[in-house]
Each structure stands twice: as structure tokens, then as C-alpha cells.
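# Observations on the model geometry
In case you want the letters, here they are:
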Amino acid sequence: MSRNQYVEKLKKSDPDFYATMMQSSDLMDLNSSGEDESEEEERGGAIFEAPDKLEVGSDESDVEDEELQKRGSNIVTARMINQWEEELQGTKPINTFLEMSQAFLAAIESLGSRETEEGEANSKYKIEGPQIFNAIVRLCLRNAPSAMASILKLKSPRDNPTKSKKWHKMRNFFKLYLRSLVTLTECMAEPSVAEVVLNKGVLPLLNYYAHHPGVCKMLLRRLITLWATSEKRVRVVAFVAIFRLAQNLPPKPLEWVLKRLYLTYVQNSRFTSPSTWGLIDFMRLSLVELYALDQVLAYKHAFVYIRQMAFHLRNAILVKKKERIQLVYNWQYVHCLHLWAELLSKTHPSPALQPIVYPLTQISEKQSGTPLMSFHASWRKTREKEHLRRVSNRVEMDDYNLPVVKKRELMDK
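Residues numbered from 1 in each chain as written. Predicted model: local features only at pLDDT ≥ 70, side-chain atom pairs only at ≥ 80, totals over all residues. Heavy atoms only, no water.

Bringing the overall build of the protein chain into the picture now. Broken down by element type, the protein chain carries 20 helices and 0 strands. Sequence separation of at least 24 residues holds for 71% of the intrachain contacts in the protein chain that already meet a minimum separation of 6. As displayed, the protein chain has an accessible area near 23,300 Å², and 51% of this comes from carbon and sulfur atoms. (Helix = DSSP H or I, 4+ residues; strand = E, 2+ residues; numbered from the N terminus. Contact = heavy atoms within 4.5 Å. Areas by Shrake-Rupley, 256 points an atom, 1.4 Å probe, with all protein chains shown as cover.)

By the secondary structure assignment, Val137 is in helix α7 (residues 130-151). Remark: the alpha-carbon pair of Val137 and Gly201, spanning 64 residues in sequence, is separated by 9.5 Å. Beyond its immediate chain neighbours, meaning those up to four positions away, Val137 contacts Phe104 and Leu184.

Time to look at the packing of helix α13 (residues 251-268) against helix α14 (residues 277-291). The N-to-C vectors of α13 and α14 enclose an angle of 160°; their axes lie 10 Å apart at closest approach. Taken together, the axis directions place α13 and α14 in an arrangement best described as roughly antiparallel. In the packing of α13 onto α14, the handedness of the crossing is left-handed. Residues Leu258, Leu261, Tyr262, Thr264, Tyr265 and Asn268 of α13 pack against Ile280, Met283, Arg284, Leu287, Leu290 and Tyr291 of α14. By residue class, the composition of the contact of α13 with α14 is 9 nonpolar, 2 polar and 1 charged. (Axes fitted to C-alpha atoms, helices over the stretch in contact; angles between N-to-C directions. Parallel < 35°, antiparallel > 145°, perpendicular 65-115°, else oblique. Left-handed = near helix turned anticlockwise from the far one by under 90°. Nonpolar A, V, L, I, M, F, W, Y, C, P; charged D, E, K, R; others polar.)

If you trace the backbone, Ser230 turns up in the loop between α11 (213-229) and α12 (232-246). Taking relative accessible area as the criterion, Ser230 reaches 16% and is therefore assigned buried. In this view, Ser230 contacts Thr225 and Arg235; residues no more than four positions away in its chain are not counted. (Buried < 20%, exposed > 50% of the residue type's maximum accessible area, 1.4 Å probe, protein only.)

Okay, the pattern of salt bridges next. Counted according to the given criterion, the structure contains 6 salt bridges. Residue Glu255 pairs with Lys300 through a salt bridge whose shortest N-O separation is 3.1 Å. Pair noted here: Glu255 is in helix α13 and Lys300 is in helix α15 (residues 295-319), with a separation of 45 residues, a long-range link. Relative accessible area serves as the criterion here: at 25%, Glu255 is assigned to the partly exposed category. (Salt bridge = Lys/Arg side-chain N within 4 Å of Asp/Glu carboxyl O.)

Quick look at the packing of aromatic side chains now. Following the criterion strictly, the structure yields 14 aromatic pairs and no others. Geometrically, the ring pair formed by Trp167 and Tyr208 is tilted, given 6.3 Å between the ring centres and 50° between the ring planes. Remark: Tyr208 occurs in helix α10 (residues 206-209) and Trp167 occurs in helix α8 (residues 167-187); sequence separation between them is 41 residues. Since its relative accessible area comes to 2%, Trp167 is described here as buried. Owing to a relative accessible area of 0%, Tyr208 belongs among the buried residues under this scheme. A centroid spacing of 4.2 Å and a plane angle of 20° characterise the contact between Tyr262 and Tyr305, whose relative ring orientation is stacked. Of the two residues, Tyr262 is situated in helix α13 and Tyr305 in helix α15; the sequence distance between them amounts to 43 residues. (Phe/Tyr/Trp six-rings, centres within 6.5 Å; stacked < 30°, edge-to-face > 60°.)

The next point concerns helix α9 (residues 191-202). Looking at α9, one finds that the buried residues are Pro191, Ala194, Glu195, Val197, Leu198, Gly201 and Val202. Elements that come into contact with the buried residues of α9 comprise α7, α8, α10, α11 and α12.

Here the focus is α15. A rise of 1.5 Å per residue sets the reference length of α15, with its 25 residues, at 36 Å; its end C-alpha atoms lie 35 Å apart and thus fit the reference within 8%. For α15, the full list of buried residues reads Leu297, Ala298, His301, Ala302, Tyr305, Ile306, Met309, Leu313 and Ala316. Near the N-terminus of α15, the side chain that reaches the backbone nitrogen of Val296, with its oxygen 3.3 Å away, is that of Asp294. A positive backbone phi angle near 60° is found at Lys320, which sits one or two residues after α15. (Expected span 1.5 Å × (residues − 1). Polar contact = N/O pair within 3.5 Å; in protein donor to acceptor, adjacent residues only side chain to side chain.)

Despite not being glycine, Lys153 shows a phi value in the positive range, around 60°. Assignment of secondary structure puts Lys153 in the loop between α7 and α8. For Lys153, a relative accessible area of 67% puts it in the exposed group.

Turning next to the packing of α12 against α14. One can describe the packing of α12 onto α14 by two numbers: an axis separation of 11 Å at closest approach and a directional angle of 10°. Compared by their axis directions, α12 and α14 come out roughly parallel. The handedness of the crossing between α12 and α14 comes out as right-handed. Packed against α12, whose contacting residues are Arg235, Val236, Phe239, Ile242, Phe243 and Ala246, the element α14 presents Leu279, Phe282, Ser286, Glu289 and Leu290 at the interface. For the contact of α12 with α14, the residue count by class is 8 nonpolar, 1 polar and 2 charged.

For the rest of this paragraph, the subject is the confidence of the model for the protein chain. Per-chain confidence: the protein chain averages 76 in pLDDT, with 70% of residues scoring 70 or above. Here helix α20 (residues 407-412) stands out as the least confident element of the protein chain, with mean pLDDT 41; α12 is the most confident, with 94. The low-confidence segment residues 370-382 (pLDDT under 50) makes 20 contacts with residues lying over four places distant or belonging to another chain. Note that pLDDT drops below 50 for residues 396-413; the model gives that stretch 30 contacts with residues more than four away or on any other chain. (pLDDT = per-residue confidence, 0-100.)

Turning to the environment of Gln83, a few remarks are in order. Here Gln83 shows up in helix α5 (residues 78-88). Look at Gln83 and you get partly exposed, because its relative accessible area is 44%. Between the alpha carbons of Gln83 and Thr96 there is a distance of 9.2 Å; along the sequence they are 13 residues apart.

Below, the structure written as C-alpha cells:
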């Protein structure tokens, strides 16, 4: 449905709301331009009326005046921003919010990184200078959550927006702002700025993102990147946002999120050193918290990935080739075993995860007790064997019933 069709439908369904929306200059211009063009086509064009007196002017001055008028209508100024901030704090901020969303979209377009979808209109405003850009961003971060809640007549910005009667009418307008906010997080290279944008802009609006699946997926993709690559404080805020969104996600999107998080964890654990160990621990613990939200889904992933590790271990024992052994004797393999052992400890007792206890323990015992290549011996005896014993002992301390491996034997090794 085009924007003109949406406005016409709104005019018929809710005349009062339509009258309020028409006070916004961008919608008025859109509606009036279409009507004027159709009327002129029906009449055969505009009627020419000769002026009473002809004046000769300079071509250059006419061009300058026309350019000034054009610039004056779409260039955002500090005065406009101050006026918008006052109006957003009022009782009816709907028109000002629409203007602010257009200005925020213009700020994102000024960065040159926004990809315009087919049929999506550009902003009617233009941003010139870093001071105006920063002022627009501050205006949105400070006032957008409260203004959106005021438009929907919610008691708090964290309330469920779908319970409002105006949600379906304002949903598309909110979507434009939410999408622009995600694009802003992709452009922020400074960690301190990214932390502020997440804290002030994204976290208060997670309920809105949860009801826009397409934009929510864009946000989750960006949050996972920050969770894996940014600085510590930004990683923590990104995880909080992912966790809150995951609590309200349907099973299929949640499965996509957990799979992407797991693969990112495996990729980051490839290079392990004393400087990266704390980061890997944080990723493992946070991923365990997310898997604990849906233990049935956690078992589905654990079954697939533990089975894959068992295949690699069996091929390494039977074939004994360097390429096969390297798939087993690496830090990624060890950290994956740590992850599933941590999940078993976190969710104990868990009927859904009970079936993975035995294969996980067998893999850790087989890997630590089978000498596959001589050049791996020193590394295995000092570091890997210690971590694999920790995996087995972690499972044993939770009083799981191990049908083959005796608990006492695990403690003696």
C-alpha cells in the first residue's frame, strides 16, 4: 500500500485522526500535490493571466532568491530543534514526532551509509554541519521514547505498545524511526557513543522492535556483532538488549538468534590467549543464559553440535591423519565442551537436557585419554587435559546419573 492510499484509507476510517495528521507539513504537501495535479489535468492545465505591469530583473538575482527559498524550507536549524524539543514535551507531540523522524532520517542520510529500499522515500530535510547532526541525535535519544509513549497514551515507554488503540495507525511511522536508529548503531565507530545510543535509544524501545520483525532482525544482527567484537561495556549492553528481545521472540526467530550466537562464539574462541580468556568466558556465560530460556530448543542445538564433535573425534581416532586430528585438538573444541557442560550445570536438574549428559562426558573422556599424535602430547598433558577434566567434573558435581563412567573414576583421573 502506497503512502497516498494509506492516507486516503485513514481519512475514511478515522476522520479526527486524519485531521490531526494533516497538520504535519510533509503529509499536507504529499496530499495537496496529488490533488492539484489531478485537478489541473482535468481542466486541461492552468489558465495564464497576464500581469498588469512587466518588470525586468536580473537572472542571477532570481536564481539566488529561488535557491534561498528552497534552502530555507528544508535545512534544519538549531532554532527548529529547540522548538521541536519544547513541543515533544507537550501533550500532543504527534506532529512534532513526525517532523523529528524526518530530520533524524536526514541525519542518517548525511552519513552516506543508508541503503534505500525500493519505494521508500527520502527525507524532506537536509542536515548541514556536525553540530546540527549531534543536536538531532541528542533530541531523538532524549525525547523519542517518551513522545512515542505519549502518542500511544502509555503510562511508561516500556509498556506493550500493541495494547494502544493507535498502534496500527502509528506503526509504520514508528518503523521509520526504529530503522533509522539501527542504521545509526551501524555507523558509530566510537565505543562510548555506541554505548550511549544503545542505552538511551535502543533499550527503551525494545518493545517496539519486538513487534516489527524485519527491523528487529536487523537490530539483532547488529547487536550480535557488538556482543562479539566491541569493547566490554558495549558488549554487556548488547547482551542485555539481546536477552530482553529473546524473552519475547517466537521459537523460529529465537532459534535463528541462538544459532548465530553459537557460531559467533565458536569463531571467537579460535584464538585463545590470556588476554582473550575473559572475553570468551563472558560469551560462554551469556550464551548459557540465553539457551536456558528454552531448554527444548537448547537440546535440539546441543544434540546437533555434540554429535558433530563426536564424529570428528571418531574420525581422528580411526584415521589418525593430521587434518582430522587438528579438528579435535584445538581450543574451539574445548570451549564448545565447556559451553555445554556449563549449560548442564546451569539448568540442573533438566529432563530436557538429560540425554546429552552421557555423550558429552564420553567425548571429554575419550579426547583426554587417547594419545593421537606425539607432537600434541605436551600440549594435551598440560592444558587441554586439565580443561577436559573440568568438563567431566562439572557434570559429575551436579549429581547426574552416568550409566557407564563412574563418578569415582572421574575424580581419580
